[in-house]
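Chain by chain, the residues:
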Amino acid sequence: MIEVSGLHKAFGNLEVLKGIDMSVKRGEVVCIIGPSGSGKSTLLRCVNLLEEPNAGTVLVNDFEMTDPDVDIDKARRGIGMVFQGFNLFGHLSVLDNLTIAQRKVLKRDAEEAKSVAKENLRRVGLEEKINSMPSQLSGGQQQRVAIARALSMQPAVMLFDEPTSALDPELVGDVLGVMRTLANEGMTMLVVTHEMQFAREVADKVLFMDGGVVVEEGPPAQVIGDPQHERTQTFLRRVL
Ligand code: ADP
Ligand code: MG
């Protein structure tokens, strides 16, 4: 579903990704862990071409994102993304947040878009907030709405970039719970996270990144439970 090969990305003289190879199979959950500044967000942004790689190829859902002739809008339709901050449109109700792209991009009529929105709000446990404004919701609720909004586009894969990092500790669990349910339903997910317990329980595969390379990868019991590389061990000692 996602195949990244030989990916390089620099910002000016700063080499941020130094040859990344990684893949996510259909239905798999892959978690990326690693210290701040190691290039995790840049990798995720290269997957949907929010950043343009300097070298390498990125395949997502049969689209070659790095092909100059790719229909990038069409390719991105299959990719849902949830960021650390809450990226809801503040001036729009929850319903409008969930229907605007369905209507504009997928050309769904109002009724169909609303029914898809309702179904996805139900999935994240927030059906009763359909008429609320984002400012009336807690950070955790806003993040669950952001997940429901991404799901309303019926993506083939979901990318998460530290979706719980900006939340108060007591709100983290609800968001992780929604992500866990999605994983159990078979959603293909690539997740950057500092939640080691989540990665341990939900990931099929964990990648440890440091300094723009994948230092170590494998099942969570191996990478988190029994890391082989010094850099992985040092990182885990600090976060666990
Ligand atoms: P992580 O998500 O692992 O914390 P990032 O991918 O955000 O790491 O950043 C990796 C490095 O790239 C950092 O040194 C960061 O400052 C730099 N960087 C990220 N985005 C940009 C950008 N748009 N312009 C310049 N430097 C950037
Ligand atoms: Mg980041």
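Quick notes on the rules
Residues numbered from 1 in each chain as written. Chains lettered and ligands numbered in written order. Predicted model: local features only at pLDDT ≥ 70, side-chain atom pairs only at ≥ 80, totals over all residues. Heavy atoms only, no water. Near = heavy atom within 4 Å. Polar contact = N/O pair within 3.5 Å; in protein donor to acceptor, adjacent residues only side chain to side chain. Helix = DSSP H or I, 4+ residues; strand = E, 2+ residues; numbered from the N terminus. Phe/Tyr/Trp six-rings, centres within 6.5 Å; stacked < 30°, edge-to-face > 60°. Buried < 20%, exposed > 50% of the residue type's maximum accessible area, 1.4 Å probe, protein only. Core = buried A, V, L, I, M, F, W, Y, C linked by side-chain atoms within 4.5 Å. Contact = heavy atoms within 4.5 Å. Pairing = 2+ DSSP bridges. Patch = residues over 30% accessible without salt bridge, like charges linked within 9 Å, V, L, I, M, F, W, Y side chains within 5 Å. Areas by Shrake-Rupley, 256 points an atom, 1.4 Å probe, with all protein chains shown as cover. Salt bridge = Lys/Arg side-chain N within 4 Å of Asp/Glu carboxyl O. Lys, Arg positive; Asp, Glu negative; His and termini not counted. Charge placed at Lys NZ, Arg CZ, Asp CG, Glu CD.

- With an unreviewed UniProt entry as reference, the protein chain is termed ABC-type polar-amino-acid transporter, source organism Prauserella cavernicola.

## Some words on the site of ligand 1
For step 1, the next point in the chain: Surrounding ligand 1, one finds Phe11, Leu14, Val16, Pro35, Ser36, Gly37, Ser38, Gly39, Lys40, Ser41 and Thr42.
For step 2, the next point in the chain: The separation between an oxygen atom of ligand 1 and a polar side-chain atom of serine 41 is 2.9 Å.
For step 3, the next point in the chain: Threonine 42 places a side-chain nitrogen or oxygen 2.5 Å from an oxygen atom of ligand 1.
For step 4, the next point in the chain: Among the secondary structure elements, those contributing two or more residues to the shell around ligand 1 are strand E2 (14-24) and helix H1 (40-47).
For step 5, the next point in the chain: A per-element tally of the shell around ligand 1 places H1 first, with three residues.

## Points about the packing of aromatic side chains
For step 1, the next point in the chain: Under the counting rule described, the total for this entry stands at one aromatic pair.
For step 2, the next point in the chain: A centroid spacing of 5.3 Å and a plane angle of 40 degrees characterise the contact between phenylalanine 208 and phenylalanine 235, whose relative ring orientation is tilted. Here phenylalanine 208, found in strand E9 (residues 205-210), pairs with phenylalanine 235, found in helix H9 (residues 230-239); they are 27 residues apart in sequence, far enough to count as distant.
For step 3, the next point in the chain: On the basis of relative accessible area, phenylalanine 235 is assigned to the buried category, the value being 4%.

## Here we look at the nonpolar core
For step 1, the next point in the chain: Ranked by size, the top nonpolar core spans 46 residues in total, and within it Leu121, Ile147, Met158, Phe160, Met179 and Met189 carry the most contacts.
For step 2, the next point in the chain: Here this core gets eight residues from one element, more than from any other, and that element is helix H6 (residues 169-184).
For step 3, the next point in the chain: Not counting chain neighbours up to four residues away, the residues in contact with methionine 179 comprise Ile147, Phe160, Pro163, Met189, Val191 and Phe198.
For step 4, the next point in the chain: With 28 residues, the next largest nonpolar core counts Val16, Ile20, Val70 and Leu190 among its residues.

## A word on the pairing of strand E10 (residues 213-218)
For step 1, the next point in the chain: One ladder, built from five bridges, connects E9 with E10; its direction is antiparallel. Bridge assignment links phenylalanine 208 to a residue of E10, and that residue is glutamate 216.
For step 2, the next point in the chain: From the end of E9 to the start of E10, which pair antiparallel, there are two residues, and glycine 211 there has a positive phi angle of about 60 degrees.

## A short note on a positive patch on the surface
For step 1, the next point in the chain: Residues Lys74, Arg77, Arg103, Lys104 and Lys107 make up a contiguous surface patch of positive charge.
For step 2, the next point in the chain: Taken together, the elements giving at least two residues each to the positive patch come down to helix H2 (72-77) and helix H3 (94-104).

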